[in-house]
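Chain by chain, the residues run as shown.
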Amino acid sequence: MASEQPVPRNANACAHPSRRLFTISAAATAASWILTACGPKRLFEAPKDRLKSLISDLELRYRNEYGKDVHVSDAPAMPGVQFAYALDISRCIGCRRCVYACVEENNQSRDPQVHWIRVLSMEKGKGVDFSHADPYYHPAQVPEEGHFYIPVSCQHCQDPPCVKVCPTGATWAEKDGIVVVDYDWCIGCRYCMAACPYGARHFNWTAPVLPAAELNPNMHYLGNRPRAKGVVEKCTFCIQRSRAGRYPACVEICPVGARKFGNILDPASEIRYIIEHKRILVLKEELNTVPRFFYSYAT
Amino acid sequence: MPLEHPVRSIRRFGGFTRGSLELILRGNRAYWLWMAFLGALIVSGSLAYAAQVHIGLGLTAMRDQVSWGFYIGNFTFLVGVAAAAVILVIPAYIYDWKPIREIVIYGELLAISAISMCLLFVLVDIGRPDRFWHLLPPFGHLNFPSSLLAWDVLVLNIYFVVNFVVATHILYRAFHGKRYIKQLVAPLVMLSIPMAVGIHTVTAFLYNGLAARPYWNASILAPQFLASAFCSGPAILLVVLQLLRRFTRFEIRDEAIWKIAELMAYAMFLNLFLHGAEAFKEFYSNTQHLLYTRYWYLGLGSHHTMVPFAWAAVACNLLSFGLFISPSMRRNWITLNIGCLATYAGVYIEKGMGLIIPGLTPDTLGEIYEYYPTMTELRVAAGVFAVGFLLFTLMLKVAVPISLGEFRDNKEAEAPDAAAALA
């Protein structure tokens, strides 16, 4: 067939294939540059000015959504600060005030309820044994006879398994040790939840419900700003408070002073005193996650 | 290979596409009934998925305590099916054993369909499917090599491409009456063998690497994954091959089928042995880590939703081993097919729910939440399976006539017998 005959090369419609190739690749490069530079980005690597504009967008969005003036902080980790937490097991009475103070402070969903702190009731004879722990204890009065309590939330590990497994780099440890989640970058695969040995990570299985009247307007972009359906969240040591020199809400509310928080690099800090003078234990030390959350026995 | 003129190759490709379309639009009553059935499942699955996207994953039974379930179980099982194409590729290409060589292409088509289902199961499981591009550099960020999920994304996609290229190349060449280009196919097939082992090993490591979950954090996991994959993949293929033999002119020798059944018996023995080794270690040492194994086989307190599944899987696996190890049983078509169904069921249970649910129950703080998939999950999963079967059916519809030499470009047939060219 005539049409099937090879046509001479110079009759080819594209006279300069290399030039066309160049144009195509230049256009592709430009398009990808524009998308990467201007499109959504991981907060982890967002430059300062971009972060500022992202944050003012967030403030506007929350203001419109909740009809309330909100402030979203972008306070970075302070140099010379490494946060740590200590909880005195023998003082805790299992009242769960910390659980609800945390919910109010950190704008968790009220329906379904998302709790970043889980208080476990344990039997005194058995020691710290999760297989016999009861998170749903509901006696008329706490503490119950023969029981003690272990509140568990994010342990802010120095070698966090959740950070290691996240496929998109949507969670990381900040310089001051706080493990944070980028709610706008998380794809909701929940691999971090499978990896966390402390059940500290919580997923928004449905759209979180947060009445405007209960919204805490003091926020941090890596902390208590409202979350969306389909992403993971967790304790941030109340980053919006701790980076402003305040105690986390759970520390403030605890009626028995079981909870202590501070900068471990400061030799005069209370947390440093506790670690140096009390008998310390960390949960599941055999997993080598190196928590920044210490449990102590009053001694 | 001499470079062909672009216009000519486009015309040739057009002929192939048009011809393929005509092929898949032609079929008997049974074919259209099957298509309608798959179509109905896909519609139902899509509706359920739309609701899940709208309301959230709260429509599934997954919760913070058991954060992965039916979807990820199916994903894991299907990675095994995809990996099992290798059991056919190895003897076909390395030992040049002809009876199997003729059917290798169907193993590859099965792998393509299985990987498509795997990717769909991951997609339906994630909370923010609109953000899947966050994984794709340069726009997104892939946490490689730290995250095993990043590894899995990479190897599954490469494996998909390799199988797709090999299968379409062989068929496309055969369509034009030519033999495939050995310099292209041979290295890709050589690559696909370690990759088949690789995708399943990486998927096993995805669970294996989590120290928080003692049930998964056992080094027996990857070998056991491979052993069970070499049972389930061929089990599906054996049934498909018999159907092809019955309903088309396709010739598949009995020896090929018997050989595959024999290989399955060895794989099943290994699978049972590895399970036994793990059960011994858990029960004899009787540490707190026994809880998860106990939940699967015996239940914990009043919680025993999974126990019937566990023993059904054990029974199916033992039955299929017994049937396939005996030469007279695997040569009897009835017992052979019972064995295939038993293998499929047994591995489906143990690799799906049997891996994921006891891995997460009790949770890391000791709470027992009894997971059982909801209607949404069942409908979405059925839809995903229907998409996979639809793909497989359509690919077979084109591949079978090509390999029989019934469907080919008659304008430029260069070899008299395309079937010979394929083999």
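Residues numbered from 1 in each chain as written. Chains lettered and ligands numbered in written order. Predicted model: local features only at pLDDT ≥ 70, side-chain atom pairs only at ≥ 80, totals over all residues.

### Looking at the overall build of chain B
If you tally the helices and strands in chain B, you get 17 helices and zero strands. A compact globule built from 423 residues would reach a C-alpha radius of gyration of about 22 Å, and chain B, at 22 Å, matches this within 12%. Principal-axis analysis of the C-alpha atoms gives chain B an extent of 70 × 55 × 45 Å. Within chain B, the fraction of its 423 residues that count as buried is 47%. Sequence separation of at least 24 residues holds for 76% of the intrachain contacts in chain B that already meet a minimum separation of 6. (Helix = DSSP H or I, 4+ residues; strand = E, 2+ residues; numbered from the N terminus. Rg over C-alpha atoms; globule rule 2.2 N^0.38 Å. Buried ≥ 20, exposed ≤ 12 C-beta atoms within 10 Å, placed from the backbone. Contact = placed C-beta atoms within 7 Å.)

### A closer look at the overall build of chain A
Broken down by element type, chain A carries eight helices and twelve strands. For 299 residues, the compact-globule estimate of 2.2 N^0.38 gives 19 Å, and the C-alpha radius of gyration of chain A, at 25 Å, exceeds that figure by more than 25%. Dimensions of chain A, computed from C-alpha atoms along their principal axes, come out at roughly 100 × 45 × 40 Å. Each of the 299 residues in chain A was classed as buried or not, and the buried ones make up 41%. A separation of at least 24 residues holds for 66% of the contacts in chain A among residues at least 6 apart in sequence.

### Topic: the interface of chain A and chain B
Tallying the contact residues gives 46 residues for chain A and 41 residues for chain B. Only α1 (17–38), β3 (118–123), α4 (161–165), α5 (191–195) and β7 (202–203) of chain A provide two or more residues apiece to the side of chain A that touches chain B. Class assignment of the residues belonging to the side of chain A that touches chain B gives a composition of 28 nonpolar, twelve polar and six charged. (Nonpolar A, V, L, I, M, F, W, Y, C, P; charged D, E, K, R; others polar.)

### Comments concerning the pairing of strand β2 (residues 83–88) of chain A
Residues and elements named next belong to chain A. The buried fraction of β2 is high, at six of six residues. Of the two faces of β2, the one carrying F83, Y85 and L87 and the one carrying A84, A86 and D88 are both buried. Here β2 pairs with strand β10 (residues 259–263) via five bridges, running antiparallel. Counted as the bridge partner of L87 is R259 from β10. In this sheet, strand β12 (residues 293–297) lies alongside β2 in parallel orientation, the contact comprising four bridges. Within β12, the residue paired with Y85 across the bridge is F293. (Pairing = 2+ DSSP bridges.)

### Regarding the sheet that holds strand β11 (residues 279–281) of chain A
The pairing of strands in a sheet comes from backbone hydrogen bonds and takes either a parallel or an antiparallel form. All names here are of chain A. Read across the open sheet, the four strands follow the order β10-β2-β12-β11; overall the sheet is mixed. Each of the sheet's edge strands pairs with one partner strand only, and the pair in question is β10 and β11. Each strand axis lies, on average, 30° off the axis of its neighbour in the sheet, ignoring direction. Helix-sheet contacts for helix α8 (residues 270–277) involve β2, β10, β11 and β12, and the interaxial angle to β10 is about 110°. (Axes fitted to C-alpha atoms, helices over the stretch in contact; angles between N-to-C directions.)

### Overview of the packing of helix α3 (residues 70–83) of chain B against helix α6 (residues 104–125) of chain B
All names here are of chain B. Closest axis-to-axis distance for the α3/α6 pair is 8 Å, and the angle between their directions is 160°. Relative to α6, α3 is oriented roughly antiparallel. Seen from above, α3 lies across α6 with left-handed handedness. Counted together, Y71, I72, N74, F75, L78, V79, V81 and A82 of α3 and L110, A111, A114, I115, M117, C118, F121, V122, V124 and D125 of α6 form the full contact between these two elements. Class assignment for the residues of the contact of α3 with α6 results in 16 nonpolar, one polar and one charged. (Parallel < 35°, antiparallel > 145°, perpendicular 65-115°, else oblique. Left-handed = near helix turned anticlockwise from the far one by under 90°.)

### Looking at the pairing of β3(A)
Residues and elements named next belong to chain A. Most of β3 is tucked away, with five of its six residues classed as buried. Across six bridges, β3 lies against strand β4 (residues 147–152) in antiparallel orientation. Bridge assignment links R118 to a residue of β4, and that residue is V152.

### Concerning the packing of helix α2 (residues 29–55) of chain B against helix α16 (residues 375–404) of chain B
Residue and element names in this part refer to chain B. One can describe the packing of α2 onto α16 by two numbers: an axis separation of 7 Å at closest approach and a directional angle of 140°. Taken together, the axis directions place α2 and α16 in an arrangement best described as oblique. Crossing angle aside, the handedness with which α2 passes α16 is left-handed. Here α2 contributes W34, L38, L41, I42, S44, G45, S46, A48, Y49, A51 and Q52 to the contact with α16, which in turn contributes T376, R379, V380, A382, G383, V384, A386, V387, F389, L390 and T393.

### A short note on unusual backbone geometry
Across the junction of B:P137 and B:P138, the peptide omega takes the value 10°, indicating a cis bond. Within the element layout of this structure, B:P138 appears in the loop between α6 and α7 (148–175). Omega for the bond connecting B:F144 with B:P145 falls within 30 degrees of zero, at 5°, which places this linkage in the cis form. Among the structural elements, B:P145 can be located in the loop between α6 and α7. Here the phi dihedral of A:R190 falls at roughly 70°; this positive angle occurs in a residue that is not glycine.

### Quick look at helix α11 (residues 290–297) of chain B
All names here are of chain B. All of the buried residues along α11 are L291, Y292, Y295 and W296. Viewed along the axis of α11, the buried residues span an arc of 135°, placing them on a single side of the element. Contacts made by the buried residues of α11 are with α12 (307–325) and α15 (353–360). Just beyond α11, the residue with positive phi is G299, at close to 85°. (Arc of directions from axis to C-beta.)

### Remarks on the environment of B:E251
All names here are of chain B. Mapped onto the elements, E251 comes out in the loop between α9 (221–247) and α10 (254–285). Classification of E251 as exposed rests on a count of 12 C-beta atoms within 10 Å. Remark: the alpha-carbon pair of E251 and I126, spanning 125 residues in sequence, is separated by 43 Å.

### Digging into the environment of A:I275
Residue and element names in this part refer to chain A. Inspection of the secondary structure assignment puts I275 in helix α8. For the pair I275 and F294, spaced 19 residues apart in the sequence, the C-alpha separation amounts to 8.0 Å. Apart from the residues lying within four places of it in its own chain, the contact partners of I275 are A86, I280 and F294.

### Focus on the environment of B:N208
Residue and element names in this part refer to chain B. With respect to the helices and strands, N208 occurs in helix α8 (residues 182–208). Spatially, the C-alpha atoms of N208 and T76 are 13 Å apart, while their sequence positions differ by 132 residues. Setting aside residues up to four positions removed in sequence, N208 forms contacts with W216, N217, L221 and A222.

### Observations concerning the confidence of the model for chain B
Regions with low pLDDT carry predicted coordinates that are not meant to be interpreted in detail. All names here are of chain B. Here chain B averages 89 in pLDDT, and 91% of its residues register 70 or above. Within the model, the stretch residues 413–423 combines pLDDT values under 50 with 26 contacts to residues more than four positions away or in other chains. Both scores are given for the predicted complex: the pTM is 0.90, the ipTM 0.91. (pLDDT = per-residue confidence, 0-100.)

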